[in-house]
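Observations on the three-dimensional arrangement
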Amino acid sequence: MSAVSDRLPTFPWDKLEPYKKTAAAHPGGIVDLSVGTPVDPVPELIQKALAGASDSPGYPTVWGTPELRDALVSWCERRLGARDFTHRNVLPVVGSKELVAWLPTQLGLGPGDKVAYPRLAYPTYEVGARLARADYVAYDDPTELDPEGVKLLWLNSPSNPTGRVLSKDELTRIVAWAREHGILVFSDECYIELGWEADPVSVLHPDVNGGSYEGLVTVHSLSKRSNLAGYRAAFLAGDAAVLGELLEIRKHGGMMTSAPTQAAVVAALGDDQHVQEQRARYAARRDRLRAALEAHGFRIEHSEASLYLWATRGESCWDTVAHLAELGILVAPGDFYGAAGEQFVRVALTATDERVAAAVSRLA
């Protein structure tokens, strides 16, 4: 039997282990700024909602409860500017990474079909294409691609890893081009509530899509905005025809969000205060880390949104990783996200105030 894993690249994070050991040996302990995993508490109202739904002996539905769909629709209209949304325009998923990895397969893509994604990008876009045995191509500007064979176009704004935000005009141009060539657009907007020097816009906004969701689906996550990475809570929003097909496939596959998690998502999306409080924490950490890195000789590019600083000292990313590891600071090498990142590192804001203060002190 041919192993499916043979289709996949080496899991990148395994390469960081030697540097993690070096950083952990620092007398003051490691400051792990490599993986963007939340460290702050889950807001109490969300914990209460989860606990209140813990007596859930029956199977949940893949489409989610009516209350969950109401919450998803309401948030998309309130936060993204979507209009005339219905339950048919939303679909809960079991964390966004699962969706990204298996989407090409669920769309029926295969050999000869192309999946396109940004040149600097979340590695799972490529993984999803490989799992489906589809071809894949990276772009700087998607409208410069040869559209022949491109069936799925990934957008990512704000970007992971760079924090770059696509403007409303850029999104409008890309959406028009994709529609002209019959290409399905999936826009990964998991960091859309974390804009710092820019105000990210969704492709669901009518100024971008002209009032139609045809050929457009967005991906959203509660991992970062609500500290729910451990809950595996995410959802899709957009073209009802595409989501209807995915719903049927996911029903057969049993891809269902747990009932307690569904209740937690309803609570999370109905409250904006905890999001603002978490944003304030990240903003303060971002300001301190950015100033410390720049004083240490780094240049920060993009980083106008998301949970990362995209930083360079004009050397191999692995030399930078080694240098910071000696200071007890672990970061992600830029080439994890594509060859274009070979001189950059991604510095996550997801560390406690105490650990961020330790990093700032060491960089000084």
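For the structure itself, consult the block above.
From a predicted model like this one, the values you see are computed outputs, not experimental measurements.

**A look at empty space enclosed by the protein**
- All told, the structure shown has two cavities of 30 Å³ or more when counted by the stated rule.
- Considered as a void within the structure, the largest cavity measures approximately 70 Å³ in volume.
- Contributing to the lining of the largest cavity are Trp75, Glu189, Cys190, Ile192, Glu193, His220, Ser221, Arg225, Phe235 and Leu269.
- Each residue belonging to the lining of the largest cavity can be placed in one class, and the counts come to five nonpolar, two polar and three charged.
- Forming the boundary of the second largest cavity are Leu68, Leu72, Pro92, Val93, Leu222, Ala233, Ala234, Phe235, Thr257, Gln262 and Val265.
- For the lining of the second largest cavity, the secondary-structure elements that each account for two or more residues are helix H3 (66–80), strand S2 (90–93), strand S8 (234–238) and helix H9 (259–269).
- Class assignment for the residues of the lining of the second largest cavity results in nine nonpolar, two polar and no charged.

**Details of the pairing of S8**
- Here S8 lies mainly inside the structure; five of its five residues are buried.
- Of the two faces of S8, the one carrying Ala234, Leu236 and Gly238 and the one carrying Phe235 and Ala237 are both buried.
- Pairing of S2 with S8, which is carried by four bridges, proceeds in the antiparallel orientation. Across the sheet, Val90 pairs through a bridge with Ala237, a residue of S8.
- Direction of pairing for strand S7 (residues 216–221) relative to S8: antiparallel, over a ladder of five bridges. Pairing of Val219 across the sheet is with Leu236, part of S8.

**A word on unusual backbone geometry**
- In this model, Ser157 is joined to Pro158 through a cis peptide bond whose omega is -5°.
- Residue position: Pro158 is located in the loop between strand S5 (150–156) and helix H6 (168–180).
- At Asp84, a position not held by glycine, the phi torsion is positive, near 55°.
- For Asp84, the position within the fold is in the loop between H3 and S2.
- The exposed category is assigned to Asp84, whose relative accessible area is 72%.
- At Ser303, a residue that is not glycine, the phi angle is positive and equals roughly 65°.
- Locating Ser303 in the fold gives a position in the loop between strand S9 (299–301) and strand S10 (308–312).

**Thoughts on the environment of Ser361**
- Locating Ser361 in the fold gives a position in helix H12 (residues 353–363).
- Spatially, the C-alpha atoms of Ser361 and Ser56 are 48 Å apart, while their sequence positions differ by 305 residues.

**Thoughts on the pattern of salt bridges**
- Enumeration over the complete set of coordinates arrives at 20 salt bridges.
- Notably, a salt bridge pairs Arg225 with Glu193, separated by 2.7 Å at the nearest N-O pair. Highlighted residues: Arg225 in the loop between S7 and S8 and Glu193 in the loop between strand S6 (184–188) and helix H7 (206–209), separated in sequence by 32 residues. The burial state of Arg225 is the same as that of Glu193; both residues are buried.
- For Arg299, the salt bridge goes to Glu301, with nearest N and O atoms at 2.7 Å.
- With relative accessibility at 46%, the residue Arg299 sits in the partly exposed group.
- Counted as one network, the salt bridges with shared partners bring together Glu197, Arg286, Arg290 and Glu294.

**Re the sheet that holds S8**
- One open sheet accounts for seven strands, arranged S2-S8-S7-S6-S5-S3-S4; its pairing is mixed. Each edge of the open sheet is held by one strand with a lone partner, namely S2 and strand S4 (135–139). For this sheet, the mean inter-axis angle between neighbouring strands, taken without regard to orientation, is 20°.
- Against the sheet, H6 engages S5, S6 and S7, with an angle of about 170° to S5.

**Notes on the packing of helix H1 (residues 17–24) against helix H11 (residues 317–326)**
- Running from amino to carboxyl end, H1 crosses H11 at an angle of 25°, the nearest separation of the two axes being 7 Å. Comparing the axis directions of H1 and H11 gives the class roughly parallel. Seen from H1, the contacting residues are Tyr19, Thr22 and Ala23; seen from H11, they are Trp318, Val321, Ala322, Ala325 and Glu326.

**Structural notes on the layout of surface pockets**
- Taken as a whole, the largest pocket encloses approximately 1,100 Å³ of empty space.
- As for the largest pocket, its lining consists of 43 residues, of which Trp13, Lys97, Tyr122, Pro123 and Thr124 are closest to the centre.
- Where the lining of the largest pocket is concerned, the elements lending two or more residues are helix H4 (96–106), strand S3 (114–118) and helix H5 (124–131).
- Of the residues forming the lining of the largest pocket, the biggest block, four residues, is contributed by H5.
- The volume enclosed by the second largest pocket comes to roughly 360 Å³.
- Residue lining of the second largest pocket: 20 residues in total, with Pro118, Arg119, Tyr139, Asp140 and Arg164 positioned closest to the centre.

Here is what the cut-offs are and how they apply
Residues numbered from 1 in each chain as written. Predicted model: local features only at pLDDT ≥ 70, side-chain atom pairs only at ≥ 80, totals over all residues. Heavy atoms only, no water. 1 Å grid on protein atoms, 1.4 Å probe; cavity = no way out; pocket = protein on both sides within 12 Å on 5 of 7 lines; lining within 4 Å. Points joined across faces, edges and corners; volume = space filled by probe spheres on them. Nonpolar A, V, L, I, M, F, W, Y, C, P; charged D, E, K, R; others polar. Helix = DSSP H or I, 4+ residues; strand = E, 2+ residues; numbered from the N terminus. Buried < 20%, exposed > 50% of the residue type's maximum accessible area, 1.4 Å probe, protein only. Pairing = 2+ DSSP bridges. Salt bridge = Lys/Arg side-chain N within 4 Å of Asp/Glu carboxyl O. Axes fitted to C-alpha atoms, helices over the stretch in contact; angles between N-to-C directions. Contact = heavy atoms within 4.5 Å. Parallel < 35°, antiparallel > 145°, perpendicular 65-115°, else oblique.

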